[in-house]
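# A look at the structure
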Amino acid sequence: MRPRFEQIYTQGTLTQTEIWVDRETGVHYLFHRNGSAAGVTPLLDQDGKPVIFEK
């Protein structure tokens, strides 16, 4: 079985930024980690709607 989320971008080492795609919905998520703190949020376009991967 294939994982639901796929990492498509990563930058940094100690302070890390990643973009993940939900393979079921196509929604992109931004994940940011700085030391022991981290957060995740959906990426939004200029209209405030989620960025969706179109096949």
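All chains use their own residue numbering, which begins from 1 and follows the written sequence. Reporting in this predicted model follows two pLDDT cut-offs: at least 70 for local features of residues, and 80 or more for side-chain atom pairs to be given and counted; totals over whole chains, interfaces and linings ignore these cut-offs and use all residues. To get the side-chain values, all heavy atoms of the structure are used, and hydrogens and water are removed first.

## A closer look at the pairing of strand β1 (residues 5-11)
Sheet analysis places β1 next to strand β2 (residues 15-22), joined by six bridges and oriented antiparallel. Among the inter-strand pairings, Phe 5 is bridged to a residue of β2, identified as Asp 22. At least two bridges found by DSSP between two strands are what make those strands a pair. Helix and strand assignments come from DSSP, with helices taken as H or I runs of at least 4 residues and strands as E runs of at least 2, each series counted from the N terminus.

## Let's talk about the sheet that holds β1
Working definition: the strands of a sheet are paired by backbone hydrogen bonds and lie parallel or antiparallel to each other. Strand order in the open sheet formed by four strands is β1-β2-β3-β4, and the pairing between neighbours is antiparallel. The sheet is open, and its two borders are formed by β1 and β4 (37-42), each paired with just one other strand. Neighbour to neighbour, the strand axes of the sheet diverge by 20 degrees on average, direction disregarded. Fitted lines through C-alpha atoms serve as axes, helices being fitted only where they are in contact, and the angles separating the N-to-C directions of these axes extend from 0 to 180 degrees.

## Considerations on the environment of Gln 11
Positionally, Gln 11 belongs in strand β1. For the exposure calls, accessible area comes from a 1.4 Å probe over protein chains only, and a residue counts as buried if that area is under 20% of its type's maximum, exposed if over 50%, partly exposed in between. Residue class for Gln 11 comes out partly exposed when judged on its relative accessible area of 47%. Once the C-alpha coordinates of Gln 11 and His 32 are considered, the two residues, 21 residues apart in sequence, prove to be 9.7 Å apart. Each residue touching Gln 11, except ones within four places of it in the same chain, is listed here: Gln 16 and Thr 17. For this analysis, a polar contact is any N or O atom pair within 3.5 Å, provided that within protein one partner can donate a hydrogen and the other can accept it, and provided that sequence-adjacent residues contribute only side-chain to side-chain pairs. At 2.4 Å, the side chain of Gln 11 and the side chain of Tyr 9 are in polar contact. Here, two residues are considered to be in contact whenever any of their heavy atoms come within 4.5 Å of each other.

## With respect to the environment of Val 40
With respect to the element layout, Val 40 can be found in strand β4. Put simply, Val 40 and Val 27 are 13 residues apart on the chain and 13 Å apart in space, counted from C-alpha to C-alpha. Aside from chain neighbours lying at most four places away, what touches Val 40 is Tyr 29, Leu 30 and Phe 31.

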